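Observations on the three-dimensional arrangement
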Amino acid sequence: MKRNGEHLGDLIEGVLEVSKIEAGRLFVHRDEVELRPMLEQLVNMFKLQAVSKGLEFQYDFPAYLPEYVTVDKQRFRQVLINLISNAIKFTQQGTVYFRVRYRNEVGYFMIEDTGPGIALEDRELVFKPFERVDMGESTTSGTGLGLTISRGLAELMGGDITLTSKFGEGSCFKLSLL
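Being a predicted model, the structure only gives us computed values, none of them experimental. (Residues numbered from 1 in each chain as written. Predicted model: local features only at pLDDT ≥ 70, side-chain atom pairs only at ≥ 80, totals over all residues. Heavy atoms only, no water.)

Observations regarding the nonpolar core
Among the nonpolar cores identified, the biggest contains 41 residues, and Leu 39, Phe 57, Phe 76, Leu 80, Phe 98, Phe 109 and Leu 175 are the most heavily contacted of them. Among the secondary structure elements, those contributing two or more residues to this core are helix 2 (35-52), strand 3 (68-71), helix 3 (73-90), strand 4 (95-103), strand 5 (106-113), helix 4 (146-156), strand 6 (160-166) and strand 7 (170-177). Non-local contacts of Phe 76, meaning those with residues more than four positions away in its chain, are made with Leu 35, Met 38, Val 71, Phe 109, Met 157, Leu 175 and Leu 177. (Core = buried A, V, L, I, M, F, W, Y, C linked by side-chain atoms within 4.5 Å. Buried < 20%, exposed > 50% of the residue type's maximum accessible area, 1.4 Å probe, protein only. Helix = DSSP H or I, 4+ residues; strand = E, 2+ residues; numbered from the N terminus. Contact = heavy atoms within 4.5 Å.)

Dropping the structure here:
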């Protein structure tokens, strides 16, 4: 009962967030954020989770990153958390990679995994609300709202999320932000 109640609460919260994004009633804040410490905090948060699942977690942050970026800290963090946690959730063996590149005032945050991959016909479907695709052997649960919300938040912040994937070999979600 408790787990079902929590799931229902998450579902309602997700629906409200999607509704706010679609209605244009969600506003972004402009915070000055220390980029490297925030990224390292995410690495520390997810490395243990990946290792406990038997996965390798690798990250690559270049020596040069801007010290500060202006972004909605809460929503930026929320998007990265969703992308990384999905990679760990849907990868049964192998590696999750978190890479960052910064070029011409644009940040690129790539989360790549060696999971089951996503078939070509399902690549846009995963960004639609409540849609779940067949991931083969994976029996993970979720509401089907995380990627919808993440893409909406990325767009609100002036960016985008793209997906490349090879079915049976893994996926790469790339968040780009100006």
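Having seen the structure, we can now continue with the description.
As for unusual backbone geometry
Positioned with a positive phi, Asn 104 is a non-glycine residue whose angle comes to about 50 degrees. Tracing the sequence through the fold places Asn 104 in the loop between strand 4 and strand 5. With phi around 70 degrees, Glu 105 is a residue other than glycine that occupies positive phi space. Its place among the elements puts Glu 105 in the loop between strand 4 and strand 5.

Quick word on the sheet that holds strand 6
One open sheet holds the five strands; their spatial order is 2-4-5-7-6, and the pairing between them is mixed. Where the open sheet ends on each side, the last strands, each with one partner, are strand 2 (56-60) and strand 6. For this sheet the average axis-to-axis angle between neighbouring strands, irrespective of direction, equals 15 degrees. This element, helix 3, spans strand 2, strand 4, strand 5, strand 6 and strand 7 of the sheet and lies at about 20 degrees to strand 5. (Pairing = 2+ DSSP bridges. Axes fitted to C-alpha atoms, helices over the stretch in contact; angles between N-to-C directions.)

Overview of the pattern of salt bridges
Applying the stated criterion across every chain yields a total of six salt bridges. Arg 99 is paired through a salt bridge with Glu 112; the nearest N and O atoms lie 2.7 Å apart. Highlighted residues: Arg 99 in strand 4 and Glu 112 in strand 5, separated in sequence by 13 residues. Connected through salt bridges with shared partners, the residues Glu 124, Arg 151 and Asp 160 form a single ionic network. (Salt bridge = Lys/Arg side-chain N within 4 Å of Asp/Glu carboxyl O.)

Some thoughts on helix 3
Compared with the 26 Å implied by 1.5 Å per residue over 18 residues, the 26 Å span of helix 3 between its first and last C-alpha is a close match. Those residues of helix 3 lying buried are Arg 75, Phe 76, Val 79, Leu 80, Asn 82, Leu 83, Ile 84, Ser 85, Asn 86, Ala 87, Ile 88 and Phe 90. (Expected span 1.5 Å × (residues − 1).)

Structural notes on the environment of Arg 103
Turning to its location among the elements, Arg 103 is positioned in strand 4. You can call Arg 103 exposed: its relative accessible area is 52%.

Things to note about the packing of aromatic side chains
Under the definition given, this model contains four aromatic pairs. On the numbers, 5.1 Å between centres and 70 degrees between planes, the contact of Phe 76 with Phe 109 is edge-to-face. Residue Phe 76 is found in helix 3, and its partner Phe 109 is found in strand 5; the two are separated by 33 residues along the sequence. For Phe 109, a relative accessible area of 4% puts it in the buried group. For the pair Phe 127 and Phe 173, a centre-to-centre distance of 6.1 Å together with 70 degrees between the ring planes defines the contact as edge-to-face. Here Phe 127, found in the loop between strand 5 and helix 4, pairs with Phe 173, found in strand 7; they are 46 residues apart in sequence, far enough to count as distant. The structure contains a cluster of three or more aromatic residues connected by ring pairs, namely Tyr 59, Phe 61 and Phe 98. Just above the ring of Tyr 97 sits the side chain of Arg 99; from NZ or CZ to the centre is 4.5 Å. (Phe/Tyr/Trp six-rings, centres within 6.5 Å; stacked < 30°, edge-to-face > 60°. Lys NZ or Arg CZ within 6 Å of the ring centre and 35° of its normal.)

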